[in-house]
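A structural walkthrough
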Amino acid sequence: MKQFNLNEWHIVRPGLSKFDATKIINNLTYEMVCLRNKNKTCSKINLDKSYYDNKWNLEFEDGDANIFEYSYECLRMPQLHNYQMPENFNFFKSLDLFFRHLKEFGILVDKQDWIEHIAWYATKDTDQKIKKNFLENIRQYKERTKIMQEITELLDV
Amino acid sequence: MPKSITLIAVPRTSIYMPSPALSVLKASLQHHGHVCNTVDMNIELYNCSKENNLDEYNELDNYFQADLRYLKQTDFPVSELLDKSKSLSTKTFEYYQTYLINLTESVLSRKDDWIGISILSVNSILPAIDLCKTIKNISPTQKIVLGGPGVSTFGIRGKSNFGEFMIEQKLATTYIQGEGENALAKVLEGETKPIVAEQIENLDDYPFPDYSDFDFTKYDNKNNIVAITGSRGCVRNCTFCDIKSAWKHFRYRSGKNIADEIVNHFTKYGSTEFHFTDSLINGSLKAFGEFLDSMIEAKEKGLIDDSVKWQGQFICRPKHQFPEQWYARMKQAGAGQLHIGIESGSESVLKDMGKPLKRSDIDFMMNMLLKYEIQCDMLMIIGYPTETKVDFDDTLQMINDYKIYNDAGVISGINLGKTMVVLPGSPIGLDKGHWGIDYDENDNWISTKNPSLNYQERVSRRIQAQKVCEDLGYTIRWPLTTLKTIKSGLEKKSETI
């Protein structure tokens, strides 16, 4: 596979097998968390300088973003399935996988709290399309959580 | 004398590819000298809703998925079913009614002799009722024929199938149970009674499906996906599955014929992604081997290129039956994604299901999929009648163990389902005594042989499995609609609607 830039994903993706596409995006999710774990000042992925060559080689921009803002900066990307879809289970997976990696790297935050914070950062996004997609996807994600809670409560009755 | 028909595929089908039923029937009716137009209502509704009416579409999408397999078989007011659309919010109901009227008027303006409704599954029952009601309101004498698996896979209020019910309600003229290629031509040529179609013996004799009516740009995919039917029926007899009630015998096309069809669609429509509708693509190893060889040959001759990928339902076989060479050939032949009925992580449950596999067989398969870079979706059944707590823990353990395959891109998703359903036409449904199947006061199935596995316990396990999958970062298929149905059942303390 030829080396490609993160910004070129939409061009590269149609030519990839589903296996490769999933593998590459899963690896991106992992490397994003890994990067933050190594560099606490890492605030945002530099799309132009980050490239895939059997694994992601990510470059970042320095800043003072906390873990919530950094998470949002990553998860807002369409590459991590932040697009519109009737029931966007791919986005749910991005969120779950990202959070799993946070835990594995010992970045311990409460999941509910994390979701609320990244949703708040979404409301501040100046890109209207990304913001709209993210807020709708988060709404669906929170709906899933709520239904799970309600089912658990019904089972406890 | 040639007759004409408009065939309509009602939701809920795929938004990624055209309805295969319409293209198959169009080709065969043309072969019989008739005129056939097609309308994919599923994609038309999606496209006209997705920009400005997504909320209404989402509500409708959920409404279509009311799981009528749980419908009480005893008497209940017919209006509960016929007027179920009134349970929609006012805004969505009005949007839906306007859509149905516009569609009906457009179809009626063609003045075809017949309207045919293709009912793919239980998730097509409500839109079929709603569309037929609209057609009959506008044109009471319009002749309507129903067909598709959804017509005959379950009965309502003592009627043996949905088609009978619709005739009784004067919402349909007739129906076809089984394969429609020859039967639909008979209806157009004057057959007035419902047809229970004989199974077609030689599938190679029929023309390739005709997609000329379809605009592939309307579908949410750039690969111009086309469905392929390589076989009908199943060689297996899994205890939970009712496929044998729909297809008595297993028949399959020659591998060469299937590869020729793929070449045809690749050349004519630029299709590079093919979805098999077969119960199992590797049900017959002989047929599957022939298909792989024909695809490899077509590639070598330059008739198709490496962009051509196919996917389908696949059964895990023991390592000695399906060694590594098979996976290598599959990769060479364009295997992209497999939908695999893993069902359970418990060897004991798998044996009871009629799938006597060792966990090591499944592990071997996953390793091979990783090595040859073939993706899979895992299909699971939670709460099989003999599943104990220990068995269920084996399933959770397997999901945990397969995290590596999920991360590596092998597992594209996991379908946890809505817990085990005792289908009337399945071996368990047909021999309830053997499995100790009985029903509690709310019509939920229980097994006298595994009494702790009641409805609540099944749901509880389902929720545990969901939590484990979420924690591990699996893609869980259709989480919202599935969970909504489970919750709605729990509120009523009943799986039945």
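The following paragraphs examine the structure supplied in this document. (Residues numbered from 1 in each chain as written. Chains lettered and ligands numbered in written order. Predicted model: local features only at pLDDT ≥ 70, side-chain atom pairs only at ≥ 80, totals over all residues. Heavy atoms only, no water.)

All names here are of chain B. The peptide bond linking proline 11 to arginine 12 adopts the cis configuration, its omega dihedral lying at 5°. One non-glycine residue with positive phi stands out, namely lysine 170, at about 60°. By the element assignment, lysine 170 lies in the loop between α8 (162-168) and β5 (174-177). Even without being glycine, aspartate 443 reaches a positive phi, approximately 70°. Position of aspartate 443 among the secondary structure elements: in the loop between β15 (437-439) and β16 (445-447). (Helix = DSSP H or I, 4+ residues; strand = E, 2+ residues; numbered from the N terminus.)

Attention shifts here to helix α20 (residues 455-472) of chain B. Residue and element names in this part refer to chain B. For α20, with 18 residues, the first-to-last C-alpha span of 26 Å sits near the 26 Å given by 1.5 Å per residue. Buried residues of α20: Tyr455, Arg458, Val459, Arg461, Arg462, Ile463, Ala465, Gln466, Val468, Cys469, Glu470 and Leu472, and no others. If you check the start of α20, you find a side-chain oxygen 3.3 Å away from the backbone N of glutamine 456, and it comes from asparagine 454. Glycine 473 occupies a position one or two residues after α20 and carries a positive phi of about 80°. (Expected span 1.5 Å × (residues − 1). Buried < 20%, exposed > 50% of the residue type's maximum accessible area, 1.4 Å probe, protein only. Polar contact = N/O pair within 3.5 Å; in protein donor to acceptor, adjacent residues only side chain to side chain.)

In this section: the pairing of strand β2 (residues 35-40) of chain B. Residue and element names in this part refer to chain B. When strand β1 (residues 4-9) meets β2, the two strands line up parallel, connected through six bridges. In the sheet register, isoleucine 8 faces β2, and the bridge partner there is valine 39. Handedness of the crossover joining β1 and β2 through helix α1 (residues 20-31): right-handed. (Pairing = 2+ DSSP bridges. Right-handed = clockwise from strand over helix to strand, strands pointing away.)

Residues and elements named next belong to chain B. Between its terminal C-alpha atoms helix α6 (residues 125-138) stretches 20 Å, which fits the 20 Å expected from 14 residues at 1.5 Å a residue. With respect to burial, α6 is a largely interior element, eleven of its 14 residues being buried. Those residues of α6 lying buried are Ile125, Leu126, Pro127, Ala128, Ile129, Asp130, Leu131, Cys132, Thr134, Ile135 and Lys136.

Moving on, we come to the environment of Asp391(B). Residue and element names in this part refer to chain B. Among the secondary structure elements, aspartate 391 is positioned in helix α16 (residues 389-401). When the C-alpha atoms of aspartate 391 and serine 79 are compared, they prove to be 42 Å apart, with 312 residues separating the residues in sequence. When neighbours within four sequence positions are excluded, aspartate 391 is seen to be in contact with Ser346, Ser348, Val349 and Thr386. (Contact = heavy atoms within 4.5 Å.)

Before going further, it helps to spend a moment on the packing of helix α11 (residues 255-269) of chain B against helix α12 (residues 285-300) of chain B. Residue and element names in this part refer to chain B. α12 packs onto α11 with a crossing angle of 40° between their chain directions and a minimal axis gap of 7 Å. Regarding the angle of α11 to α12, the classification is oblique. In the packing of α11 onto α12, the handedness of the crossing is right-handed. Contact residues: α11 offers Gly255, Lys256, Ile258, Ala259, Ile262 and Val263, while α12 offers Glu290, Phe291, Ser294, Met295 and Ala298. When the residues that make up the contact of α11 with α12 are grouped by side-chain class, the tally is seven nonpolar, two polar and two charged. (Axes fitted to C-alpha atoms, helices over the stretch in contact; angles between N-to-C directions. Parallel < 35°, antiparallel > 145°, perpendicular 65-115°, else oblique. Left-handed = near helix turned anticlockwise from the far one by under 90°. Nonpolar A, V, L, I, M, F, W, Y, C, P; charged D, E, K, R; others polar.)

Before going further, it helps to examine the state of the cysteines. Among covalent bonds in proteins, the disulfide is the one between the sulfur atoms of two cysteines. Residue and element names in this part refer to chain B. Evaluated as defined, the whole model comprises zero disulfides over all chains. Take cysteine 238: it sits in no disulfide, and the sulfur closest to it among the cysteines is that of cysteine 234, at 6.3 Å. Lacking any disulfide linkage, cysteine 241 is separated from the closest cysteine sulfur, that of cysteine 238, by 6.4 Å. (Disulfide = S-S within 2.5 Å.)

Another aspect to go through is the nonpolar core. Counting 142 residues, the largest nonpolar core has Ile117(B), Leu146(B), Trp310(B) and Met330(B) as the members making the most contacts within it. Once you skip the residues sitting within four places of it in the chain, Met330(B) turns out to touch Phe288(B), Leu292(B), Trp310(B), Phe314(B), Phe322(B), Ala335(B), Leu338(B) and Ile374(B). If you look at the next biggest cluster of nonpolar residues, it comprises 52 residues, including Met32(A), Met77(A), Phe99(A) and Ile151(A). (Core = buried A, V, L, I, M, F, W, Y, C linked by side-chain atoms within 4.5 Å.)

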